[in-house]
Amino acid sequence: MGSLYKDEQDNWITVCLKYLLFVFNFLFWMGGGVVMGVGIWTLVDKGEYLSLLASSTFAVSAYILILAGGLVMVTGFLGCCAVIREQRSCLSTYFSCLLLIFLIELVAGVLAYVYYQSLSEELKQHLSKTMTENYAQPGKESITHSVDRLQQDFKCCGSNNSFDWAHSVYIMSPKAEKRLVPDSCCKTTTPQCGKRDHPSNIYKVEGGCITKLEQFLADHLLIIGAVGIGVACLQDEAPSFL
């Protein structure tokens, strides 16, 4: 009688652990979707601005999150299948994969926070040079498009202010056709509207595009770091709990 009771108790505990592990797997699967979504959103939302950055750390962090998120979703799905079929060998592989994913996400989060610390200095040193030397130059079409998009999206003109364009290769060349700023600086973009740099015609923003882009990238880096490290820690705690 006692042996039967003990067997029933063991079976009950096994069933509870089985469903608890299934719930954790499902949460991991959702967490993977969130991580991958943040990585994709980061690249899609501001992918055009990446050519304006001197470092590829920002893009690498996003790609790592996409990779980690995809692995989490696949691993979570396999974990659910292993729990349902009670394949212990698959569960061992599952926990090993979770450890690997934890390290990948942690790296992405740390990269994001480290890059966040150096973002301001990089933009100050690199963005002004990129805009004045590469805008509208042969073979630099992607940078030209990114600068135009940047100035229109953030309603700014020049790296620090509109006067920065006076020193650009483009404005000093005959190709500018006596423009004082690129047409993308204009509040209403029309052909050759950049010939007038009056505040009523172009954007005059304190701090210029550097301030706007820095804040924009910093916000996204904080999200990347928080999601990467947060989900990684959650995944690390769950196996030890189980």
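Residues numbered from 1 in each chain as written. Predicted model: local features only at pLDDT ≥ 70, side-chain atom pairs only at ≥ 80, totals over all residues. Heavy atoms only, no water.

Where an unreviewed UniProt entry is consulted, the chain appears under the name Tetraspanin 11, with the organism given as Cyprinus carpio carpio. Per UniProt, the comment on the chain under Subcellular location (unreviewed entry) is "Membrane". UniProt, in its Sequence similarities (unreviewed entry) section for the chain, records the words "Belongs to the tetraspanin (TM4SF) family." (UniProt positions renumbered as here; feature names shortened; annotations may be inferred.)

1. Section: the packing of aromatic side chains
Taken as a whole, this structure holds two aromatic pairs when the rule is applied. Judged by centre distance (5.1 Å) and plane angle (70°), the rings of Y135 and W165 are edge-to-face. Of this pair, Y135 sits in the loop between α3 (88-134) and α4 (141-153) while W165 sits in the loop between α4 and α5 (208-241), placing them 30 residues apart in sequence. Y135 gets classed as buried once you look at its relative accessible area, which sits at 6%. Ring geometry for Y135 against Y170: centres 5.3 Å apart, planes inclined by 70°, an arrangement best described as edge-to-face. One end of the pair, Y135, is in the loop between α3 and α4; the other, Y170, is in the loop between α4 and α5, and 35 residues separate them in sequence. Here the two residues Y135 and Y170 agree in accessibility, since each one is buried. (Phe/Tyr/Trp six-rings, centres within 6.5 Å; stacked < 30°, edge-to-face > 60°. Helix = DSSP H or I, 4+ residues; strand = E, 2+ residues; numbered from the N terminus. Buried < 20%, exposed > 50% of the residue type's maximum accessible area, 1.4 Å probe, protein only.)

2. A look at the state of the cysteines
Following the criterion strictly, the structure yields three disulfides and no others. A sulfur-sulfur separation of 2.0 Å characterises the disulfide bridge that pairs C156 with C209. Disulfide C156-C209: torsion about the S-S bond near 105°, hence right-handed. Within this pair, whereas C156 is found in the loop between α4 and α5, its partner C209 is found in helix α5, the two being separated by 53 residues in sequence. Exposure class is identical for C156 and C209. Each is buried. At a sulfur-sulfur separation of 2.2 Å, the disulfide partner of C186 is C193. (Disulfide = S-S within 2.5 Å.)

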